[in-house]
Amino acid sequence: MPGHTENEITIAAPLDLVWDMTNDLEHWPQLFSEYASVEVIKREGQKTTFRLTMHPDDNGKVWSWVSERTTDRPARTVSARRVEPGPFQHMDIRWEYTEVPGGTKMHWRQDFAMRPDAPVDDAWMTDNINRNSRVQLELIRDKIEQRDRERRSASVPAN
């Protein structure tokens, strides 16, 4: 059965800041703890093709793949898919941003299926993505909220 995950977090920061920081691909290694590097391959309008490389896993294996990501700022959505799916038959991702009282809600949805010869099955990957998404969302929230505090305190004139 294909895998499906949905995770979200509310970030106490304006939508523009959340959007800008989470869609600045070149800075993802500073935003996400799992990515060692990002290489932008091509940009065409709102679509970016890029290579993500993770830090080595517990066995020393380095995972890397190419994805396409299309931003739609007016709709406050991002759609992505793996071009090089690796152990996945497919991996489709959608991010949605919503202004809410006190900040911005960011919602991640991932739909995927593992290849029959993959080292793990759909259920294992669903659990793994859910666990890791919570960690990454909390890390992202903390970094964006810190940046927002710094920006606000820098704009307050000293007495």
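Residues numbered from 1 in each chain as written. Predicted model: local features only at pLDDT ≥ 70, side-chain atom pairs only at ≥ 80, totals over all residues. Heavy atoms only, no water.

Asks: Looking at this structure, how should I read the overall build of the protein?
Replies: Each helix and strand counted, the protein has three helices and seven strands in total. Considering only C-alpha atoms, the protein reaches an extent of 65 × 35 × 30 Å along its principal axes. Every one of the 159 residues in the protein was classed for burial, and the buried ones make up 39%. The contacts of the protein with a sequence gap of at least 6 include a subset with a gap of at least 24, amounting to 49%. In the structure as shown, the protein presents an accessible area of about 9100 Å², 49% of it carried by carbon and sulfur atoms. (Helix = DSSP H or I, 4+ residues; strand = E, 2+ residues; numbered from the N terminus. Buried < 20%, exposed > 50% of the residue type's maximum accessible area, 1.4 Å probe, protein only. Contact = heavy atoms within 4.5 Å. Areas by Shrake-Rupley, 256 points an atom, 1.4 Å probe, with all protein chains shown as cover.)

Asks: What exactly am I supposed to notice about the sheet that holds strand 7 (residues 103-114) here?
Replies: Across a sheet, strands are paired by hydrogen bonds formed along the backbone, either parallel or antiparallel in direction. Ordered by their spatial adjacency, seven strands build an open sheet running 1-7-6-5-4-3-2, and the pairing between neighbours is antiparallel. Edge strands, defined here as strands with exactly one partner in the open sheet, are strand 1 (3-11) and strand 2 (35-44). Sheet twist, expressed as the mean angle between neighbouring strand axes with direction ignored, is 20 degrees. Pairing geometry for strand 3 (residues 47-54) and strand 4 (residues 64-72), over seven bridges, is antiparallel. Residue Phe50 lies in a different strand from strand 4, and its bridge partner there is Ser67. (Pairing = 2+ DSSP bridges. Axes fitted to C-alpha atoms, helices over the stretch in contact; angles between N-to-C directions.)

Asks: Help me out: how do you make sense of the pairing of strand 7 in this one?
Replies: Judged by how many residues are buried, strand 7 sits mostly within the fold: nine of 12 residues are covered. Of the pairings in the sheet, the one linking strand 1 to strand 7 comprises nine bridges and is antiparallel in character. Paired with Gly3 across the strands is Phe112, a residue of strand 7. Sheet topology note: the strand 6 (residues 88-100)/strand 7 ladder contains 12 bridges and is antiparallel. Looking at the pairing, Glu96 lines up with His107 of strand 7. Counting the residues between successive antiparallel strands, the hairpin from strand 6 to strand 7 contains two residues, one of them, Gly102, with a positive phi of roughly 85 degrees.

Asks: What am I meant to see in the nonpolar core here?
Replies: Across soluble globular proteins, nonpolar side chains show a tendency to be buried alongside one another. Grouped together as the largest cluster of nonpolar side chains are 25 residues, with contacts concentrated most on Trp28 and Met106. Only strand 1, helix 1 (15-22), helix 2 (28-31), strand 2, strand 3, strand 6, strand 7 and helix 3 (122-154) provide two or more residues apiece to this core. No other element matches helix 1, which puts five residues into this core. (Core = buried A, V, L, I, M, F, W, Y, C linked by side-chain atoms within 4.5 Å.)

Asks: Any chance you could explain unusual backbone geometry here in plain terms?
Replies: Backbone phi values are negative for most residues with the exception of glycine, while trans is the configuration of most peptide bonds. For Arg76, which is not glycine, the phi dihedral falls at a positive 60 degrees. Along the polypeptide, Arg76 turns up in the loop between strand 4 and strand 5 (77-82). Exposure remark for Arg76: the relative accessible area of 29% places this residue in the partly exposed category.

Asks: Sorry if this is basic, but what is going on with the pairing of strand 3 here?
Replies: Sheet analysis places strand 2 next to strand 3, joined by eight bridges and oriented antiparallel. Looking across to strand 3, one finds that Val38 is bridged to Leu52. The hairpin turn running from strand 2 into strand 3, its antiparallel successor, is two residues long, and Gly45 in that turn takes a positive phi close to 60 degrees.

Asks: Help me understand helix 1, please; the structure alone is not making it clear to me.
Replies: Each α-helix winds once per 3.6 residues, and so residues spaced three or four apart point in a common direction. With six of eight residues buried, helix 1 is to be regarded as a mostly interior element. Taken together, the buried positions of helix 1 are occupied by Leu15, Leu17, Val18, Trp19, Met21 and Thr22.

Asks: Please explain the packing of aromatic side chains as it appears in this structure.
Replies: What characterises a pair of aromatic rings is the spacing of the ring centres plus the angle enclosed by the ring planes. Evaluation of the coordinates by the stated rule reveals nine aromatic pairs. Counting every residue linked through ring pairs, the aromatic cluster contains Trp28, Phe32, Tyr35, Phe50, Trp95 and Trp108. Sitting over the ring of Trp95, Arg69 keeps its end group 4.2 Å from the ring centre. Above the ring of Trp19, the side-chain terminus of Arg73 is found at 5.4 Å from the ring centroid. (Phe/Tyr/Trp six-rings, centres within 6.5 Å; stacked < 30°, edge-to-face > 60°. Lys NZ or Arg CZ within 6 Å of the ring centre and 35° of its normal.)

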